[in-house]
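Notes for the structure review
One-letter residues, chain by chain:
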Amino acid sequence: MTIGFIYSYFNLTKRINQILFLVFGFLLYNAFYPGFFAIYLSLSIHVIVRVILFKQKNIFAPFLICSLLLGFLLLPVFIYTNEISILFDEQGQNTAYLQNMIGFFYDLNYHAYLKISYLSLSIILLVTLVKYKFNISKFLLFKTIPNNHRLYPAVISLGRHNPRYVSLLFPVGFFLVSYFWNVMISQFSRLNKNTILFQFLSIPVFLSLIFLSHPDYYSQLKLYKEELSSTFIGPVDGIVNTITETPYGRANPYVSARPKLLITTNVESEAIYAYLGSQFLDRESFGIYKYGTRKPDWIIPRHYEGQFGIYDYLTSSGDYEKIVTNYCDTEFQQFYSVKIHYFKTVTDCPDRKLVLYKLKKL
Amino acid sequence: MLVNRIYWSLTILLLLIFGVGLFKNLGNTAFWGDEGETVQLGKSILQFGYPSVFDGRSTFIFVADRFNKENFAVYNSPLLQHYTAALALKLNDGIADPFIVRFPFALIALSGILASVVLLFKQKVPPFIIVRQDIMHFTYL
């Protein structure tokens, strides 16, 4: 989406790219609006520079019209989110909009991603300005973007942050790494006129760089292979199968619906709801429900963050049958630890057996 | 050039291997918490037309107070993912099959890679560069 949005901007005088600008802009906003605003702001500055410094006035009208159309398309989404934001203001909180924006940038800033990228780009800009006196013709082309972000691959490969938070940037990183590598190889090739030799010589360098940035890279390939041929069974399977009286194995969503049940659990109620469709009391709503008259049909205390005992006053009332399962109550479903391609079926867990409490029938 | 043909063949082979691999075991793990949230909001879209923390009987409060107290509309994160999940659920009669729900997301990820390859090709980046990027990129998925 990001690449499509930027690419369509650079070719905005063509009708097809005007349509793509609207499509990718709309999707990008709804997928990741902090990224959308950051890119749109950059493009707006780019347009102003093109119009004022380079006298490219033909770009202004299509950009303005496309921006207005995009704004019109995004208006209902903005009104929807803004209504909720107003509610937050009334409750004395910051708006959800702002909170989310800060949240996303907090994730990106983890392990200094933003700081390093800011410093890197500042140095590049400074060196470029001093050494080359700002080559104005390159400023106008899409393909100069990778060149102007040459330290991006280093930035994205730093740290050990959970990649799902920055995964939206990977296609951009993919594009930039490839392009920059190509530029670098072509520089060497020009000197020696032996492209193929440098292509082959670059392979061990490239692999070494990957290993240095991600020491787990090769073991992850092995885990990926294992992932493709294995079945992973976790606590959500255990809960669904125990309630539906199904043998040990994966939960089957096609036969698991139990809409009449009332279930209380302290974590992952949405995941269990996806299979059972029952009425749920999660940890937040249970505080209100304790004044209700119907007792939950099932109580599932999970070990998550030491919360296992929170339903003790209910489960010790004598109304519930304790069921100790063969499943392990791991912190997250299937993830023994949140890493890429690190799924695991945990079977040895003497202290963390999955336990359910079933309401006794009178 | 022969070398370029070899690299292009490798690119296509890698796209095929990882493209198939991406979908092969997609449904072979149950939903975990965050995925369950996406499914629940997808189901509520089918019910009300917008993501809601309340399905008529249960209230799912993943982040306290981030919903409208009058209509239970939630805005905890951008909306596209929830509508994508709703579409997948709609196509499967509302049944939350992990493979079906994850499928459009995997398809979007694969499309991103294919788009990158096409753009690189248009920028005249040699295929051998693309091959190595394919390996690196697919490992993240």
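Scope of this entry: the structure provided in the associated data block.

Across its full length, chain B carries five helices and zero strands. Of the regular secondary structure in chain B, the N- to C-terminal order runs α-α-α-α-α. Burial status across chain B gives 59% buried among its 141 residues. Of the accessible surface of chain B, which amounts to about 6000 Å², a share of 67% is contributed by carbon and sulfur atoms.

Residue and element names in this part refer to chain A. Counted under the stated rule, the structure contains one disulfide over all chains. Covalent S-S linkage joins C328 and C349, the inter-sulfur distance amounting to 1.9 Å. Because the sign of the S-S torsion sets the handedness, a value of about -90 degrees for the bond joining C328 and C349 places this disulfide among the left-handed ones. Of the two residues, C328 is situated in strand β4 (residues 320-328) and C349 in the loop between β4 and β5 (353-359); the sequence distance between them amounts to 21 residues. This pair shows no difference in class: C328 is buried, exactly as C349 is.

A few words on the nonpolar core. Within the largest apolar cluster, 28 residues are counted, with the highest numbers of intra-cluster contacts made by I243(A), I263(A), Y275(A) and F31(B). Every element with two or more residues in this core is listed here: α12 (235-243), α13 (269-276), β3 (298-300) and β5 of chain A together with α3 (80-91) of chain B. Among the elements that line this core, the one with the most residues is α13(A), at six residues. Each residue touching Y275(A), except ones within four places of it in the same chain, is listed here: V236(A), V240(A), R250(A), A251(A), P253(A), S256(A), A257(A), A30(B), F31(B) and P98(B). The next biggest cluster of nonpolar side chains, apart from the first, holds 24 residues, and it includes L22(A), F36(A), L43(A) and L79(B).

What follows deals with the pattern of salt bridges. All names here are of chain A. Counted by the stated rule, this structure contains seven salt bridges over all chains. The residue R250 makes a salt bridge to D237 at a minimum N-O spacing of 3.1 Å. Here the residue R250 occupies a position in the loop between α12 and β1 (262-265), and D237 occupies one in helix α12, the gap between them amounting to 13 residues. Of the residues examined, D237 reaches a relative accessible area of 0% and is grouped as buried. Across the pair K295 and D319 runs a salt bridge whose closest N-O atoms are separated by 2.1 Å. Remark: D319 occurs in the loop between α15 (312-315) and β4 and K295 occurs in the loop between α14 (283-289) and β3; sequence separation between them is 24 residues. Since its relative accessible area comes to 37%, K295 is described here as partly exposed.

This part is about the environment of I45(B). Residue and element names in this part refer to chain B. By the secondary structure assignment, I45 is in helix α2 (residues 33-48). It is 13 Å that separates the C-alpha atoms of I45 and L91, two residues lying 46 residues apart in sequence. Discounting chain neighbours no more than four positions away, the residues touching I45 are Y50, P51, H82, Y83 and A86.

Further remarks concern the environment of Y248(A). Residue and element names in this part refer to chain A. If you trace the backbone, Y248 turns up in the loop between α12 and β1. For Y248, a relative accessible area of 40% translates into the label partly exposed. C-alpha of Y248 to C-alpha of G238: the two residues are 10 residues apart in sequence and 7.3 Å apart in space. When residues no more than four places from it in sequence are discounted, the contact partners of Y248 are I233, N241, N326, Y327, T345 and T347.

Moving on, we come to the sheet that holds β1(A). Residue and element names in this part refer to chain A. Strand order in the open sheet made by the five strands is β2-β1-β3-β5-β4, with mixed pairing throughout. Looking at the sheet topology across the chains shown, the edges are occupied by β2 (279-281) and β4. Looking at each pair of strands side by side, their axes are set apart by 25 degrees on average, direction ignored. Pairing of β4 with β5 involves six bridges; the strand directions are antiparallel. Pairing of C328 across the sheet is with K353, part of β5. The strands touched by α12 are β1, β3, β4 and β5; relative to β4, the strand with the most contacts, the crossing angle is about 135 degrees. Here α13 sits on the sheet and contacts β1 and β2; the angle it forms with β2, its principal contact strand, is near 170 degrees.

Turning our eyes to something else, we now look at the packing of α12(A) against α13(A). Between two packed helices, what matters for the description is the angle formed by their axes and the separation of those axes. Residue and element names in this part refer to chain A. Taken N-terminus to C-terminus, the directions of α12 and α13 make an angle of 45 degrees; their axes are 10 Å apart at the nearest point. Here α12 is positioned oblique relative to α13, judged by the angle of their axes. Between α12 and α13 the crossing geometry is right-handed. Facing α12, whose interface residues are V236, I239, V240 and I243, α13 presents A271, I272, Y275 and L276.

Cut-offs used in this document
Residues numbered from 1 in each chain as written. Chains lettered and ligands numbered in written order. Predicted model: local features only at pLDDT ≥ 70, side-chain atom pairs only at ≥ 80, totals over all residues. Heavy atoms only, no water. Helix = DSSP H or I, 4+ residues; strand = E, 2+ residues; numbered from the N terminus. Buried < 20%, exposed > 50% of the residue type's maximum accessible area, 1.4 Å probe, protein only. Areas by Shrake-Rupley, 256 points an atom, 1.4 Å probe, with all protein chains shown as cover. Disulfide = S-S within 2.5 Å. Core = buried A, V, L, I, M, F, W, Y, C linked by side-chain atoms within 4.5 Å. Contact = heavy atoms within 4.5 Å. Salt bridge = Lys/Arg side-chain N within 4 Å of Asp/Glu carboxyl O. Pairing = 2+ DSSP bridges. Axes fitted to C-alpha atoms, helices over the stretch in contact; angles between N-to-C directions. Parallel < 35°, antiparallel > 145°, perpendicular 65-115°, else oblique. Left-handed = near helix turned anticlockwise from the far one by under 90°.

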